[in-house]
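# Observations on the model geometry
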Amino acid sequence: MSNSKLTWTDATGPTLPDGYFVQMSDQGFEAIADPVDEIPVADDFWNRNVGYGVETVTLGGLIPEVVYYFKIFSYRGIGKDVVYKINGSVPEVSVMAR
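Residues numbered from 1 in each chain as written. Predicted model: local features only at pLDDT ≥ 70, side-chain atom pairs only at ≥ 80, totals over all residues. Heavy atoms only, no water.

Our focus in this paragraph is the overall build of the protein chain. When helices and strands are counted, the protein chain shows zero helices and seven strands. For the protein chain, the α and β elements follow one another from N to C terminus as β-β-β-β-β-β-β. For the protein chain, the C-alpha radius of gyration of 13 Å lies close to 13 Å, the compact-globule estimate for 98 residues. Projected onto its principal axes, the C-alpha positions of the protein chain cover 40 × 25 × 25 Å. (Helix = DSSP H or I, 4+ residues; strand = E, 2+ residues; numbered from the N terminus. Rg over C-alpha atoms; globule rule 2.2 N^0.38 Å.)

What follows covers the pairing of strand β1 (residues 2–7). Only one face of β1 is buried: it carries Ser 2, Ser 4 and Leu 6, and the other face, with Asn 3, Lys 5 and Thr 7, is open. Of the strand pairs in this sheet, β1 and strand β4 (residues 56–62) are connected by five bridges, and their pairing is antiparallel. The residue of β4 that forms the bridge with Lys 5 is Thr 58. (Buried < 20%, exposed > 50% of the residue type's maximum accessible area, 1.4 Å probe, protein only. Pairing = 2+ DSSP bridges.)

Summarising the element assignment, Glu 92 is placed in strand β7 (residues 92–96). Judged by relative accessible area, Glu 92 falls into the partly exposed class, the value being 44%. Considering only alpha carbons, one finds Glu 92 and Thr 12, 80 residues apart in sequence, at a separation of 18 Å. Residues contacting Glu 92, with those up to four places away along its chain left out, are Phe 29, Phe 70 and Lys 71. (Contact = heavy atoms within 4.5 Å.)

Glancing now at the nonpolar core. Counting 13 residues, the largest nonpolar core has Leu 6, Trp 8, Val 22, Val 57, Tyr 68 and Phe 70 as its most contacted members. Among the secondary structure elements, those contributing two or more residues to this core are β2 (19–25), β4 and β5 (67–76). In contact with Phe 70, not counting residues within four places along its chain, are Leu 6, Val 22, Gln 23, Met 24, Phe 29, Ile 32, Leu 59, Pro 91, Glu 92, Val 93 and Val 95. Counting seven residues, the second-largest nonpolar core is a separate cluster that includes Phe 21, Tyr 75, Val 82 and Tyr 84. (Core = buried A, V, L, I, M, F, W, Y, C linked by side-chain atoms within 4.5 Å.)

The description of two aromatic rings rests on the distance between their centres and on the angle between their planes. One pass over the structure, following the stated rule, counts seven aromatic pairs. Where Tyr 20 meets Tyr 52, the ring centres are 6.5 Å apart and the plane angle is 20°; that geometry is what we call stacked. Of the two residues, Tyr 20 is situated in strand β2 and Tyr 52 in the loop between β3 (47–51) and β4; the sequence distance between them amounts to 32 residues. Seen in terms of ring centroids, Phe 21 and Tyr 84 are 5.7 Å apart; in terms of plane orientation they differ by 50°. Their pairing is tilted. Note that Phe 21 is positioned in strand β2 and Tyr 84 in strand β6 (residues 83–84), a separation of 63 residues in sequence. The pair formed by Phe 21 and Tyr 84 is uniform in burial state, with each residue classed as buried. By the ring-pair criterion, three or more aromatic residues cluster together here, those being Phe 21, Phe 73, Tyr 75 and Tyr 84. (Phe/Tyr/Trp six-rings, centres within 6.5 Å; stacked < 30°, edge-to-face > 60°.)

Just geometry here; none of it tells us what the structure is for.
Here's what the structure looks like:
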């Protein structure tokens, strides 16, 4: 098994997110559905919540030579009050696990 580490630069501006929701797929970007407001997603193999200011996440258990696709959504609020930013540009990246 392999690990992959993603890093990014935090958002800036007058309204900052409380965190980031990182979704992963081995089927392509189109297989990653937009998260739904007021429905928080718990961390698991495919999903990770990362606090504002952390700017990195390490994902483990990846199969070598498989391409993994990631989308990073910012959000405000927690629990039933979570609101995801799905409009505009959602960062996407793909990585081949080594």
